[in-house]
Amino acid sequence: MYDGSPVSLTAISKESKLSTSYLEQIFKKLRNGNLVISQRGPGGGYSPRGEDITVTDVITAVSKLPAHKTFEPILRALDGVHVSQLLRGDSPAP
């Protein structure tokens, strides 16, 4: 659904069938994590900060992971997977 221009939370809500208020909470965390750029006004919405956002970046921005070594290998593995790869349908496997 992202074509290079900002996408509104209303559009994301309709596409994902998630409430706008829930998406506001998620996107606040993504904004605080410096992963998305928000643009106000008509034609406004959210855009990814860049092509180099990893799945680990997203998980750590929106989740409160326990400080436990069990998650470290998983996050290290996902650190090599970029969100842009998944959007293009590219295999994240090396």
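Residues numbered from 1 in each chain as written. Predicted model: local features only at pLDDT ≥ 70, side-chain atom pairs only at ≥ 80, totals over all residues. Heavy atoms only, no water.

In the nomenclature of an unreviewed UniProt entry, the protein corresponds to HTH-type transcriptional regulator iscR from the organism Kluyvera cryocrescens.

Each helix and strand counted, the protein has five helices and two strands in total. When its helices and strands are written in sequence order, the protein yields α-α-β-β-α-α-α. Referenced to the eigenvectors of the C-alpha coordinate spread, the extents of the protein come out at roughly 45 × 30 × 25 Å. Relative to its 94 residues, the protein shows a buried fraction of 22%. (Helix = DSSP H or I, 4+ residues; strand = E, 2+ residues; numbered from the N terminus. Buried < 20%, exposed > 50% of the residue type's maximum accessible area, 1.4 Å probe, protein only.)

A surface patch of nonpolar side chains, about 230 Å² in accessible area, is lined by Leu65, Phe71 and Ile74. Secondary-structure assignment places Leu65 in the loop between helix H3 (55-62) and helix H4 (72-78). (Patch = residues over 30% accessible without salt bridge, like charges linked within 9 Å, V, L, I, M, F, W, Y side chains within 5 Å. Areas by Shrake-Rupley, 256 points an atom, 1.4 Å probe, with all protein chains shown as cover. Salt bridge = Lys/Arg side-chain N within 4 Å of Asp/Glu carboxyl O.)

What follows is about the pairing of strand S1 (residues 36-39). Bridge count between S1 and strand S2 (residues 45-48): four bridges; the pairing is antiparallel. Among the inter-strand pairings, Ser38 is bridged to a residue of S2, identified as Tyr46. (Pairing = 2+ DSSP bridges.)

Core analysis: the biggest nonpolar cluster contains ten residues, these being Val7, Leu9, Ile12, Leu23, Phe27, Leu30, Leu35, Val36, Tyr46 and Ile53. When contributions to this core are tallied by element, the ones reaching two or more residues are helix H1 (9-16) and helix H2 (20-32). A total of three residues in this core trace back to one element, the largest contributor, which is H2. Apart from residues no more than four positions distant in its own chain, Tyr46 is found in contact with Pro6, Val7, Leu9, Phe27, Arg31, Val36, Ile37 and Ser38. (Core = buried A, V, L, I, M, F, W, Y, C linked by side-chain atoms within 4.5 Å. Contact = heavy atoms within 4.5 Å.)

For Thr54, the location among the structural elements is in the loop between S2 and H3. Among residues more than four places away in sequence, those in contact with Thr54 are Leu78, Asp79, Val81, His82 and Val83.

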